[in-house]
Amino acid sequence: MNRSMRSALLLHGFTGDPWEMAPLGAALAAAGFRVETPRLPGHDGTPETLERATRADWTQAVGNAFDRLAETGGPVCVAGLSMGALLALELAAARGLAVAGLALLATPLRFVGRSRLYGWLLPRLGVRERWRFADKGPRDVFDQAAVAGSPHTPKIPARAFVELEALRRSVVRGLAAVRSPALVVHARKDHTAWPGSVEMLERRLGGPVETLWLERAYHLVTVDVEKDLVCESVVRFFDRVAGGR
């Protein structure tokens with residue numbers, strides 16, 4: 001197989017930015033992958049823009065990006081962080097083994113902490129103008145210096161979180177339809193995505209699953225203190241499932 005034809009689609013998280021995937025993208029590019037990291041609809045850093053984005057917008061953007069990479073004729077792997085992992089799972093359920101491999105990073109099959117509260121509260125209060133935007137709070141990362149000044153949306157629009165919740169519920173229902181091999185990466189100290197999501201993925205996914213637990217990082221595993229381990233593990237996994245070494 002021509003390794004230059006291998007591609008990787010990288011998907012950032014909710015309220016995030018392609019910047020979150022930059023270290024992984026650089027590592028994959030150095031390994032010979034063609035990399036695409038689209039900015040998901042609504043994620044220009046302003047809450048008002050994100051408020052107008054829908055789950056269908058995100059799904060369409062991911063599908064279009066995947067199709068562009070698939071046109072090269074080689075295998076396409078998909079890595080997603082947080083909401084990006086949910087979108088990667090949704091894509092794999094729809095496209096089957098056309099997705100050569102999945103790297104599911106900090107997958108929130110359930111939320112914990114502030115995000116869990118918002119998942120319950122915002123759909124009920126979002127119709128009121130005073131609850132239109134919620135405070136995001138500190139970013140869930142051990143190494144705060146790593147994200148200082150990095151782009152992200154500082155407020156959470158209630159309508160956008162409703163769309164995220166709809167995506168999460170749909171993905172949980174459809175896990176068995178995902179047959180692509182998957183690498184599941186999760187931090188034991190994740191304060192956003194329930195660590196029990198790992199067991200759910202191991203039990204319910206329809207394809208083979210490998211798991212990597214992180215001991216020091218928090219939720220944003222692609223930029224936190226164990227990012228090098230994350231990058232090395234994803235590159236090694238994609239290299240294997242996409243027909244490399």
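Residues numbered from 1 in each chain as written. Predicted model: local features only at pLDDT ≥ 70, side-chain atom pairs only at ≥ 80, totals over all residues. Heavy atoms only, no water.

**Notes on the sheet that holds strand 3 (residues 76-81)**
(1) Moving on: Ordered in space as 2-1-3-4-7-8, the six strands form an open sheet in which the pairing is parallel. If you trace the sheet from one side to the other, it starts and ends with strand 2 (34-36) and strand 8 (209-214), each paired once. Here the average twist between neighbouring strands, direction ignored, is 15°.
(2) Moving on: Of the strand pairs in this sheet, strand 1 (residues 7-11) and strand 2 are connected by three bridges, and their pairing is parallel. Bridged to Ser7 within strand 2 is Arg34.
(3) Moving on: Lying on the sheet, helix 3 (residues 55-70) is in contact with strand 1, strand 2, strand 3 and strand 4 (99-105); it crosses strand 1 at an angle near 165°. (Pairing = 2+ DSSP bridges. Helix = DSSP H or I, 4+ residues; strand = E, 2+ residues; numbered from the N terminus. Axes fitted to C-alpha atoms, helices over the stretch in contact; angles between N-to-C directions. Contact = heavy atoms within 4.5 Å.)

**Comments concerning the pattern of salt bridges**
(1) Moving on: In this structure the tally under the stated criterion is eleven salt bridges.
(2) Moving on: Residues Arg169 and Glu165 are paired through a salt bridge, measuring 3.6 Å at the closest nitrogen-oxygen approach. Of this pair, Arg169 and Glu165 both sit in helix 6 (residues 158-173), four residues apart, which is roughly one turn of that helix.
(3) Moving on: A relative accessible area of 40% places Arg169 in the partly exposed class.
(4) Moving on: One network of salt bridges, in which partners are shared, links Glu165, Arg168 and Arg169. (Salt bridge = Lys/Arg side-chain N within 4 Å of Asp/Glu carboxyl O. Buried < 20%, exposed > 50% of the residue type's maximum accessible area, 1.4 Å probe, protein only.)

**Observations regarding helix 7 (residues 197-204)**
(1) Moving on: Turning to helix 7, its buried residues are Ser197, Val198, Met200 and Leu201. Viewed end-on, helix 7 has its buried residues packed into an arc of 165°, placing them on one side of the element.
(2) Moving on: Buried residues in helix 7 make contact with helix 4 (83-95), strand 4, helix 6, strand 7 (182-187) and strand 8. (Arc of directions from axis to C-beta.)

**Focus on the state of the cysteines**
(1) Moving on: Scanning all chains against the criterion turns up zero disulfides.
(2) Moving on: We note that Cys77 lacks a disulfide partner, and the nearest cysteine sulfur, in Cys231, lies 15 Å from it.
(3) Moving on: For Cys77, a relative accessible area of 0% translates into the label buried.
(4) Moving on: For Cys231, a relative accessible area of 8% puts it in the buried group. (Disulfide = S-S within 2.5 Å.)

**Regarding helix 3**
(1) Moving on: In this model, helix 3 (16 residues) spans 22 Å end to end at C-alpha, consistent with the 22 Å of a helix rising 1.5 Å per residue.
(2) Moving on: Three or more residues of helix 3 are buried, namely Trp58, Val62, Gly63, Ala65, Phe66 and Leu69. Considered in projection along helix 3, the buried side chains sweep an arc of 165° and stay on one side of the axis. In this structure, helix 3 carries Ala56 and Gln60 as exposed residues pointing more than 90 degrees from its buried face. (Expected span 1.5 Å × (residues − 1).)

**Quick look at the pairing of strand 3**
(1) Moving on: With respect to burial, strand 3 is a largely interior element, six of its six residues being buried.
(2) Moving on: What you see with strand 3 is no split at all: Val76, Val78 and Gly80 on one side and Cys77, Ala79 and Leu81 on the other are buried throughout.
(3) Moving on: Here strand 1 runs beside strand 3; their pairing, made up of five bridges, is parallel. The residue of strand 3 that forms the bridge with Ala8 is Cys77.
(4) Moving on: Relative to strand 4, strand 3 runs parallel, the two being bridged by six bridges. Looking across to strand 4, one finds that Gly80 is bridged to Leu104.

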